[in-house]
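The chain contents come next:
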Protein chains: 2
Amino acid sequence: MGKLYVVGVGPGSPAGMTPAARAALKEADCICGYTVYTELLRPLFPDKEFYSTGMTGELARCRHCLSRAGAGERVALVCSGDAGVYGMAGPVLELSPEYPGAEIEIVPGVTAALAGGALLGAPLGHDFCVISLSDRLTEQALIEKRLRLAARGDFAICLYNPASKQRPDHLRRACEILLEEKPGETVCGLARCVGREGESWRVMDLKTLRDTPADMFTTVFIGSSQTRAVGGRMVTPRGYRG
Amino acid sequence: MGKLYVVGVGPGSPAGMTPAARAALKEADCICGYTVYTELLRPLFPDKEFYSTGMTGELARCRHCLSRAGAGERVALVCSGDAGVYGMAGPVLELSPEYPGAEIEIVPGVTAALAGGALLGAPLGHDFCVISLSDRLTEQALIEKRLRLAARGDFAICLYNPASKQRPDHLRRACEILLEEKPGETVCGLARCVGREGESWRVMDLKTLRDTPADMFTTVFIGSSQTRAVGGRMVTPRGYRG
């Protein structure tokens, strides 16, 4: 029987990829994914077949993998970070009833909220929300509603996809909404290119974040009312000292 | 200079621990942590010094590690799952100004939301909240407020610490609140002992979840309005097909 592994390969460097993920890639006949991620993996598996598509080819990529696994091959579909969080595990499982011959295994990975959080300190040390600012597949009104409710619940918030070439202003707009619900002094942070060349991070307040450029390699963290800057890092306490 | 690694060791099995985490444990002179986690690691590092404390000894454990790192030792403080998500990275950084000689590095790991999610399918495939039901360090009123707002924002929800010996009924109470905001047919799931002996998972609806026992080894997933059961698994679509 064929098998499709949907694999979260972590933030970028081999040191962040679990042995379970690595074993799945090693076992696969073919490694499929978005070009940026397969190019990061190619040096680790120089003898493998790779199959890459551009960013908007998600469903075609899933069908390609399911079809080959349904025909008896072992295929790994790779996702940056985790396989489930804005990843390919969802669409693969949604399409899977059309490909009954394919066994599917989801292999989790360290998503950007955790990897970027570790660089910044502990921004997600208490209850938190993860929200994508991409309106490619989600209504802008729903994104804005979630931002407001996350702020009213005093969650720490992690934002994915804060900007792209087509929508450079999404982070500014999100911050303006949050500033209606939270003080401008709220401790925030950015992490960029985590585990890759050019890795960087920065702690700032919400007012400053509003005017800070971000790109698709940036993960954004908004503190709760309890979040503090400690020694230059961002910490959301769980309450052990309170 | 001494160094303190705060290490997320993943859900339980060595296959889920990143090479970065393993390297930090290997480099450390001493591995510290809650007894349950250090006992899982002892077989992997039979020659290391281990230092364990019980569940409520968090601050003492952090101080012990900071003090030794401040005196020049290399120490690893281990957390189940991720180092930041309800982990020790927060209290270590909060206490760190008292121990200026200790360099601190946070090593992220696969938290239960991701590991349990992969077993169930893709419950966190779109925007989600993570909420702990433990009222040991958080007011019950704030927990309930967050549950309601997460439901009103139609987030997928992941619940940590759904029960303990002292509070067996927290999951029932949480479900009753969610049932005031969401239909009883909402797709939900449980994962238990992920990556360890006795691993299990189950998909069910919110009404059934209310009457289902959970323990401290269980992670709970509540779907959004878009979450579906597909082939017995739990999938929250991102919207690629919508």
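Residues numbered from 1 in each chain as written. Chains lettered and ligands numbered in written order. Predicted model: local features only at pLDDT ≥ 70, side-chain atom pairs only at ≥ 80, totals over all residues. Heavy atoms only, no water.

Focus: the overall build of chain A
Here comes step 1: Across its full length, chain A carries 8 helices and 13 strands.
Here comes step 2: Here the C-alpha radius of gyration of chain A, 19 Å, is about what a compact globule of 242 residues would show, namely 18 Å.
Here comes step 3: Expressed along its principal axes, the backbone C-alpha trace of chain A runs to roughly 55 × 35 × 35 Å.
Here comes step 4: When contacts within chain A are restricted to residue pairs at least 6 apart in sequence, those whose partners lie at least 24 apart make up 69%.
Here comes step 5: Looking at chain A as shown, the accessible area adds up to about 9100 Å², and 51% of this sits on carbon and sulfur atoms. (Helix = DSSP H or I, 4+ residues; strand = E, 2+ residues; numbered from the N terminus. Rg over C-alpha atoms; globule rule 2.2 N^0.38 Å. Contact = heavy atoms within 4.5 Å. Areas by Shrake-Rupley, 256 points an atom, 1.4 Å probe, with all protein chains shown as cover.)

Re a nonpolar patch on the surface
Here comes step 1: A surface patch of nonpolar side chains, about 300 Å² in accessible area, is lined by Val36(A), Leu40(A), Met216(A) and Phe217(A).
Here comes step 2: As for its position among the elements, Leu40(A) is in helix H2 (residues 35-41). (Patch = residues over 30% accessible without salt bridge, like charges linked within 9 Å, V, L, I, M, F, W, Y side chains within 5 Å. Salt bridge = Lys/Arg side-chain N within 4 Å of Asp/Glu carboxyl O.)

Details of the sheet that holds strand E13 (residues 233-235) of chain B
Residue and element names in this part refer to chain B.
Here comes step 1: If you walk across this open sheet you meet the 3 strands as E6-E13-E12, and the pairing is mixed. Two strands close off the open sheet at either side, each with one partner strand: strand E6 (121-122) and strand E12 (228-230).
Here comes step 2: When E6 meets E13, the two strands line up parallel, connected through 2 bridges. When the sheet's bridge partners are listed, Gly121 is paired in E13 with Met234. (Pairing = 2+ DSSP bridges.)

Points about the relation of the copies chain A and chain B
Put simply, the second copy of the chain is the first one after a rotation about an axis and a shift along it.
Here comes step 1: Taken as rigid bodies, chain A and chain B are interconverted by a rotation of 180° and an axial shift of 0.0 Å, the fit giving an RMSD of 0.0 Å. Taken together, the rotation and translation relating the two chain copies correspond to the operation of a two-fold axis.
Here comes step 2: Of all interface residues in chain A, 100% are interface residues in chain B too; the two copies therefore contact each other through one and the same surface. (Least-squares fit on C-alpha atoms with pLDDT ≥ 70 in both.)

Considerations on the nonpolar core
Here comes step 1: Ranked by internal contacts, the top residues of the largest apolar core, which has 46 residues, are Leu209(A) and Leu209(B).
Here comes step 2: Beyond its immediate stretch of four places on either side in the chain, Leu209(B) contacts Leu171(B), Cys175(B), Cys188(B), Leu190(B), Met204(B), Val220(B) and Ile222(B).
Here comes step 3: Membership of the second largest hydrophobic core comes to 38 residues, among which are Tyr86(A), Leu124(A), Cys158(A) and Phe221(B). (Core = buried A, V, L, I, M, F, W, Y, C linked by side-chain atoms within 4.5 Å. Buried < 20%, exposed > 50% of the residue type's maximum accessible area, 1.4 Å probe, protein only.)

Concerning the side chain of Thr227(B)
All names here are of chain B.
Here comes step 1: Relative to the helices and strands, Thr227 is located in the loop between strand E11 (218-222) and E12.
Here comes step 2: One polar contact links the side chain of Thr227 to the main-chain amide nitrogen of Ser224, over a distance of 2.8 Å.
Here comes step 3: Looking at Thr227, its side chain comes within polar contact range of the side chain of Thr236, at 2.8 Å.
Here comes step 4: Other than its neighbours up to four places away in sequence, Thr227 contacts Val187, Met234, Val235, Thr236 and Pro237. (Polar contact = N/O pair within 3.5 Å; in protein donor to acceptor, adjacent residues only side chain to side chain.)

Observations concerning the interface of chain A and chain B
Here comes step 1: In this complex, chain A contributes 67 residues to the contact, which on the side of chain B involves 67 residues.
Here comes step 2: The partner of Asp127(B) in a salt bridge is Arg146(A), and the shortest N-O contact between them spans 2.9 Å.
Here comes step 3: Across the chain A-chain B interface, the total number found is 24 residue pairs in polar contact (both at pLDDT 80 or more).
Here comes step 4: Class assignment of the residues belonging to the side of chain A that touches chain B gives a composition of 36 nonpolar, 16 polar and 15 charged.
Here comes step 5: By the bridge criterion, 3 bridges tie strand E7 (residues 128-132) of chain A to strand E7 (residues 128-132) of chain B in an arrangement that is antiparallel. The residue bridging Phe128(A) from the neighbouring strand is Val130(B), located in E7(B). (Nonpolar A, V, L, I, M, F, W, Y, C, P; charged D, E, K, R; others polar.)

Thoughts on the state of the cysteines
A covalent bond bridging the sulfur atoms of two cysteines is what the word disulfide describes.
All names here are of chain A.
Here comes step 1: A complete count under the given rule lists 0 disulfides over all chains for this structure.
Here comes step 2: Of the cysteine sulfurs around Cys32, a residue in no disulfide, the closest is that of Cys65, at 3.4 Å.
Here comes step 3: For Cys32, a relative accessible area of 0% translates into the label buried.
Here comes step 4: Between Cys79, a free cysteine, and Cys62, which holds the nearest cysteine sulfur, the sulfur-to-sulfur gap is 8.1 Å. (Disulfide = S-S within 2.5 Å.)

Quick notes on the sheet that holds strand E8 (residues 156-160) of chain A
Here comes step 1: Overall, mixed pairing links the 10 strands, which are arranged E10(A)-E9(A)-E11(A)-E8(A)-E7(A)-E7(B)-E8(B)-E11(B)-E9(B)-E10(B) in an open sheet. Two strands bound the open sheet, and with one partner strand each, they are strand E10 (200-205) of chain A together with strand E10 (200-205) of chain B. Between one strand axis and the next, the sheet turns by 15° as a mean value, whatever way the strands run.
Here comes step 2: Examined bridge by bridge, strand E9 (residues 187-192) of chain A and E10(A) share 6 bridges and lie antiparallel to one another. From the neighbouring strand, Leu190(A) faces E10(A), where its bridge partner is Arg202(A).
Here comes step 3: Its contacts with the sheet place helix H5 (residues 112-120) of chain A against E8, E9, E10 and strand E11 (218-222) of chain A, and it is angled at close to 70° to E11(A). (Axes fitted to C-alpha atoms, helices over the stretch in contact; angles between N-to-C directions.)

Some points on the packing of aromatic side chains
Here comes step 1: Summed over all chains, the structure comprises 4 aromatic pairs over all chains.
Here comes step 2: Centre to centre, the rings of Tyr34(B) and Tyr37(B) are 5.2 Å apart; their planes meet at 80°, and the pair counts as edge-to-face.
Here comes step 3: Classification of Tyr34(B) as buried rests on a relative accessible area of 14%.
Here comes step 4: For the ring pair Tyr86(B) and Tyr160(B), a centre distance of 5.3 Å and an interplane angle of 50° mean the geometry is tilted. Placement of Tyr86(B) in the loop between strand E4 (74-79) and helix H4 (89-95) and of Tyr160(B) in strand E8 (residues 156-160) is noted, with a sequence separation of 74 residues between them. Accessibility assignment for this pair places Tyr86(B) and Tyr160(B) in one class, buried.
Here comes step 5: Positioned above the aromatic ring of Phe155(B), the side-chain terminus of Arg146(A) is 5.4 Å from the ring centre. (Phe/Tyr/Trp six-rings, centres within 6.5 Å; stacked < 30°, edge-to-face > 60°. Lys NZ or Arg CZ within 6 Å of the ring centre and 35° of its normal.)

As for helix H1 (residues 19-27) of chain B
Here comes step 1: Taken together, the buried positions of H1(B) are occupied by Ala21(B), Ala24(B) and Leu25(B). Angularly, the buried residues of H1(B) cover 95° about the axis, an arc narrow enough to put them on a single face. (Arc of directions from axis to C-beta.)

Observations regarding the packing of helix H6 (residues 140-152) of chain A against helix H7 (residues 170-181) of chain A
All names here are of chain A.
Here comes step 1: Packing of H6 against H7 brings their axes to within 9 Å, and their N-to-C directions diverge by 40°. On the basis of their axis angle, the class for H6 and H7 is oblique. The crossing of H6 and H7 is right-handed. Where H6 approaches H7, its residues Gln140, Glu144, Leu147, Arg148, Ala151 and Arg152 are matched on the opposing element by His170, Arg173, Ala174, Ile177, Leu178, Glu180 and Glu181. (Parallel < 35°, antiparallel > 145°, perpendicular 65-115°, else oblique. Left-handed = near helix turned anticlockwise from the far one by under 90°.)

Quick look at the environment of Glu103(B)
Residues and elements named next belong to chain B.
Here comes step 1: By the secondary structure assignment, Glu103 is in strand E5 (residues 102-107).
Here comes step 2: Of the residues examined, Glu103 reaches a relative accessible area of 37% and is grouped as partly exposed.
Here comes step 3: Considering only alpha carbons, one finds Glu103 and Leu4, 99 residues apart in sequence, at a separation of 6.1 Å.
Here comes step 4: Excluding anything up to four places from it in sequence, Glu103 contacts Met1, Gly2, Lys3 and Leu4.

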